[in-house]
Amino acid sequence: MAKILKGMQPEKFFDYFEEISEIPRGSYHEKQISDYLKAFAEANGCTAEQDEYYNLLIKKPASTGYENAHPVIFHGHMDMVLDKESWVEQDMLTEGVRLKVEGDYIKGDGTTLGADNGVGVAFMMMILSDESLAHPPIECIIAVQEEVGKRGGQQFDAKKMNVTGKRLMDFNWHKPDTVFAGCAGDISAYYRIPITYEETKADELFFQLSITGGVGGHSEFDIHLERANVLQQFGRLVNLIAKDCEVHFTDLTGGVNRYVIPGNMDNVIAVKTSDVDGVKEVVEKFADTLRNEYKIADKELKVTMVSAEKQEKVISYEDTKKIAKALHLLPCGVQSMSLEIEGLVESSNTMAMISTEDNQVSILSTIPSAVTSRKYDILQKMNDLAELMGASVDTFADCPEWPFRPESKLLATAKNAFKVLYGEEPNVEVSHSSLELGLFCSKIPGLECISLGPKAYDVHTPKERLDWTSVQMVWDHIKEILKELDD
Ligand SMILES: [Zn+2]
């Protein structure tokens, strides 16, 4: 085996990380890595069960003296996001990650690294193979398809697989001095507006209407920054135009993906020749309004209207108004703040994408919330609006929250173990993003969870990198927690 990571500590961690990096493991292509991990577990005297999706449950008996302690679950996912820079020719479906070391960082060669969540897999391999550890009975859940809507976790049957633990440690975190202790759940929803088309009239002119230059950002990590949701602003603008003149959308598309706040939007619109001056005035005034409202959060926003080619058909005036009103009225941005944790967003909604097909316009939103009832209440508002305007709503990827439990015994143990090692308490963090752990909390009643992990940056992108110098600290923390889980 080539040893690119030779000399890094803890040695076994980097041996295993290098081994699994050689195995291609994109989401939906997990058979090879799953079989490999199953064989690894069995070779180390553990039992391993693989379900039909290639999720794994691996069990290791307690070390001497811990036979009567309650089991502990470790959790991570074996799949990774496959992404690469445009100049990379590597076929990531058939070839593993080509590791590179630059100072404190391990990276791929212009590709994602898969530290998310190869780090978790490598920690579990250490735990399963280390005979010197003191630990209660261990159950490792290594999920598939986490990166594609947490599908492995959705399909994982904790009862059938006979998971018995009620305390779980996850490794999908990225701050070694911080214990992650709770996160929001989320759900995605399509708001669908039926549309009819009309023939273009002789006196209509076409313009490309654009709002561009918005910063956008991640819909869960950046939502509190109050940046413009340009889809919403686009609806607001066309709503203003439609007040005094007949305006028509043409086919609408926009947005990046369901977790990105849209920062750019354009559409070719049609207006009557006699209305053009009036519309231009509204657009200019609106540009001023946005400049003023977003002078801090989104300074580069631009609104423009330039001539465009004539099209044969347009969306009817009535339906154009409906779409503009829906974009303007659908819940968008921060909806409620947590009163338990200062500065934490509790619920939000992001209208992320818009598309036109099969005679309907679909607006895709993702709604994260730490409180399930509030998530469904936002959804209800969408349904109420849909009922008023003859639209409809359908949902997918519903994932429950992982509730923050300040009184959790496992959290107390993790805090104490950190103090034993480093003389002070770790930070405890809760996030507005949605992780797979909410699913496991709903599948295993009474489950307590924490998440730990070394420093990793720009995950899900070809710039992903792991700060290898921060791994030892997390491993020491894991060992100390395990030692203390003796009841
Ligand atoms: Zn990920």
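On a predicted model such as this, the values are computed, not experimentally measured, just so you know.

A word on the coordination of the zinc ion. Each protein donor to the zinc ion is listed here as D116 (OD), E147 (OE), E147 (OE) and H460 (NE2); together their distances run 2.0 to 2.5 Å. Bound by four donor atoms, the zinc ion shows angles of 55 to 136° at the metal and therefore irregular coordination geometry. Of note, the donors binding the zinc ion are all from one chain and are spaced D-x30-E-x312-H. Taken as a pair, D116 in helix 3 (residues 115-129) and H460 in the loop between strand 21 (456-457) and strand 22 (465-467) lie far apart in primary sequence, 344 residues in all.

Moving on: empty space enclosed by the protein. Throughout the structure, instances matching the rule amount to three cavities of 30 Å³ or more. Considering only enclosed or pocket space, the largest cavity measures out at about 50 Å³ in volume. Around the largest cavity sit A181, W402, P403, R405, S408, L411, E448 and C449, which together line it. Grouping the constituent residues of the lining of the largest cavity by class yields five nonpolar, one polar and two charged. Reported here for the second largest cavity is a volume of approximately 40 Å³. Along the walls of the second largest cavity sit G149, K150, Q154, D186, R258, Y259, A397, D398 and C399, which together make up its complete lining. Counting residues per element, the lining of the second largest cavity draws most heavily on strand 18 (residues 392-399), at three residues. In terms of residue class, the lining of the second largest cavity is made up of three nonpolar, two polar and four charged. When residues of the lining of the second largest cavity are sorted by domain, at least three fall in each of domain 1 (11-176 + 402-484) and domain 2 (186-399).

For the coordinates displayed, the defined rule picks out 14 aromatic pairs. Between F180 and W402 the ring centres are 5.4 Å apart and the planes differ by 90°, which places this aromatic pair in the edge-to-face class. Here F180, found in strand 8 (residues 178-194), pairs with W402, found in the loop between strand 18 and helix 9 (409-422); they are 222 residues apart in sequence, far enough to count as distant. Taken individually, F180 and W402 each receive the classification buried, so the pair is uniform in this respect. For the pair F234 and F249, a centre-to-centre distance of 6.3 Å together with 20° between the ring planes defines the contact as stacked. Taken together, the residues span a long stretch of sequence, with F234 in helix 5 (residues 230-244) and F249 in strand 11 (residues 247-249) at a distance of 15 residues. Residue classification places F234 among the buried residues on the basis of a relative accessible area of 0%.

For the chain, the assigned domains are domain 1 (11-176 + 402-484) and domain 2 (186-399). Between domain 1 and domain 2, the C-alpha centre-to-centre distance is 38 Å. Applying the counting rule to domain 1 against domain 2 returns one salt bridge. The partner of K150 in a salt bridge is D186, with the nearest N and O atoms 4.0 Å apart. Taken together, the connections running from domain 1 to domain 2 amount to three residue pairs in polar contact (both at pLDDT 80 or more). Per-element tally for the side of domain 1 that touches domain 2: the top contributor is strand 19 (residues 427-434), with five residues. Classifying every residue of the side of domain 1 that touches domain 2 gives four nonpolar, six polar and one charged.

Conventions we followed
- Residues numbered from 1 in each chain as written.
- Predicted model: local features only at pLDDT ≥ 70, side-chain atom pairs only at ≥ 80, totals over all residues.
- Heavy atoms only, no water.
- Donors = N, O, S within 2.8 Å, 3.2 Å for Na, K, Ca; no water.
- Tetrahedral: all angles 85-135°; square planar, octahedral: opposite > 155°, others 65-115°.
- Helix = DSSP H or I, 4+ residues; strand = E, 2+ residues; numbered from the N terminus.
- 1 Å grid on protein atoms, 1.4 Å probe; cavity = no way out; pocket = protein on both sides within 12 Å on 5 of 7 lines; lining within 4 Å.
- Points joined across faces, edges and corners; volume = space filled by probe spheres on them.
- Nonpolar A, V, L, I, M, F, W, Y, C, P; charged D, E, K, R; others polar.
- Domains from an automatic or database assignment.
- Phe/Tyr/Trp six-rings, centres within 6.5 Å; stacked < 30°, edge-to-face > 60°.
- Buried < 20%, exposed > 50% of the residue type's maximum accessible area, 1.4 Å probe, protein only.
- Salt bridge = Lys/Arg side-chain N within 4 Å of Asp/Glu carboxyl O.
- Polar contact = N/O pair within 3.5 Å; in protein donor to acceptor, adjacent residues only side chain to side chain.

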